[in-house]
Amino acid sequence: MLYIVDRDTEKILAKWDAWYAHAFEEATEFIVKENLDIHDIEDAVDVLLIRYPQIKGISIVSSGNVYNGKLTLAPAKIFDYDIVGEFTKKYRRTIVLCNDANASAVGYYANHRDCGNLLLYYHPLGNTVGGAGVIVNGDLLTGKEDNVGQCVNYMKLLNFSEDRFELARTPE
C-alpha cells in the first residue's frame, strides 16, 4: 500500500493499494492493481510533486527488508533496489526509507514515551507475515542488516492448515 500524506495537515492525498481491493473514502485518488512495482511509486510521486511542488521531503514506508536505503520486497519482485539513491537523484529532495514495522513502533513510541521499552508486532491486512519494531532504552533496534524484527524467515518453519498465502486472504 502506498500512502501520500501532507505532513503539515496530515491529510491523506492518495492511497494506492496493490494487495486487496476495497475503497477508501478519505482518499482523493484510489488505484487498485494486482502488482505494484517501483514505477508505480515513481508515478505517484511525480503526480504529487506536480500538484504540490512545495513538498520538501519524501518518506517511504514499506513492508519487506529495508537496509542502507535499499528495498527488497519479494512479492513485488523488488530486490535490493537503491530507492533512496535513485529517488534522491531523480527528485532532488530528502528521501527517507523505513520498514513498516519499525515506522509503526517509532510512531507509537513518539506518542507513548512512558511505555519504556517496546516491541510492536505489525501485521498488515492481506499479508502472510508481519514484523516487529523493537525499541530499547529509547533506541530503535535494527540488528544485522536491519533484520531484527523480520518474521518472514520464521514463517517458513511453521506448519499451517492451508497455504499461508491463501490463509492471508481470508477474513479470519
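For the structure itself, consult the block above.
Residues numbered from 1 in each chain as written. Predicted model: local features only at pLDDT ≥ 70, side-chain atom pairs only at ≥ 80, totals over all residues. Heavy atoms only, no water.

1. Some remarks on helix α1 (residues 38-51)
- Relative to the 20 Å expected for 14 residues at 1.5 Å per residue, α1 spans 20 Å between its end C-alpha atoms, a close match to the ideal helical length.
- Three or more residues of α1 are buried, namely I38, D40, I41, E42, A44, V45, L48 and L49. (Helix = DSSP H or I, 4+ residues; strand = E, 2+ residues; numbered from the N terminus. Expected span 1.5 Å × (residues − 1). Buried < 20%, exposed > 50% of the residue type's maximum accessible area, 1.4 Å probe, protein only.)

2. Overview of the sheet that holds strand β5 (residues 65-67)
- With antiparallel pairing, three strands are arranged side by side in an open sheet as β5-β6-β7. This sheet does not close on itself; its edge strands, each paired only once, are β5 and β7 (78-81). When strand polarity is set aside, the average angle formed by the axes of neighbouring strands in this sheet is 15°.
- Here three bridges tie β5 to strand β6 (residues 70-73), and the two strands are oriented antiparallel to one another. Its bridge partner lying in β6, N65 is registered against T72. (Pairing = 2+ DSSP bridges. Axes fitted to C-alpha atoms, helices over the stretch in contact; angles between N-to-C directions.)

3. Details of the packing of α1 against helix α2 (residues 83-91)
- Where α1 meets α2, the closest approach of the two axes is 12 Å, and the angle between their N-to-C directions is 35°. Viewed along their axes, α1 and α2 form a crossing whose handedness is right-handed. Counted together, I38, I41, E42, V45, D46 and L49 of α1 and I83, F87, K90 and Y91 of α2 form the full contact between these two elements.
- Grouping the constituent residues of the contact of α1 with α2 by class yields seven nonpolar, no polar and three charged. (Left-handed = near helix turned anticlockwise from the far one by under 90°. Contact = heavy atoms within 4.5 Å. Nonpolar A, V, L, I, M, F, W, Y, C, P; charged D, E, K, R; others polar.)

4. Topic: helix α3 (residues 100-111)
- Between its first and last C-alpha, α3 extends 17 Å over twelve residues, near the 16 Å set by a 1.5 Å rise per residue.
- By the burial criterion, the buried members of α3 are D100, A101, N102, A105 and Y109.
- Those residues of α3 that are buried are in contact with β4 (57-62), β8 (94-99), β9 (118-122), β10 (131-136) and β11 (139-141).
- Where α3 begins, one side-chain oxygen reaches toward the backbone nitrogen of A101, 2.9 Å away; that side chain belongs to N99. (Polar contact = N/O pair within 3.5 Å; in protein donor to acceptor, adjacent residues only side chain to side chain.)

5. Focus: the nonpolar core
- In this structure, V45, I58, I60, L71, I83 and F87 are the most contacted members of the largest nonpolar core, which totals 16 residues.
- At the level of secondary structure, the elements contributing two or more residues to this core comprise α1, β4, β6, α2 and β8.
- Considering every element that reaches this core, the biggest residue donor is α1, with four residues.
- Residue contacts for I83: discarding those within four places in its chain leaves I38, I60, G69, L71, T88 and L97.
- Core analysis: the next-biggest nonpolar cluster, separate from the first, contains five residues, A105, Y109, L120 and I135 among them. (Core = buried A, V, L, I, M, F, W, Y, C linked by side-chain atoms within 4.5 Å.)

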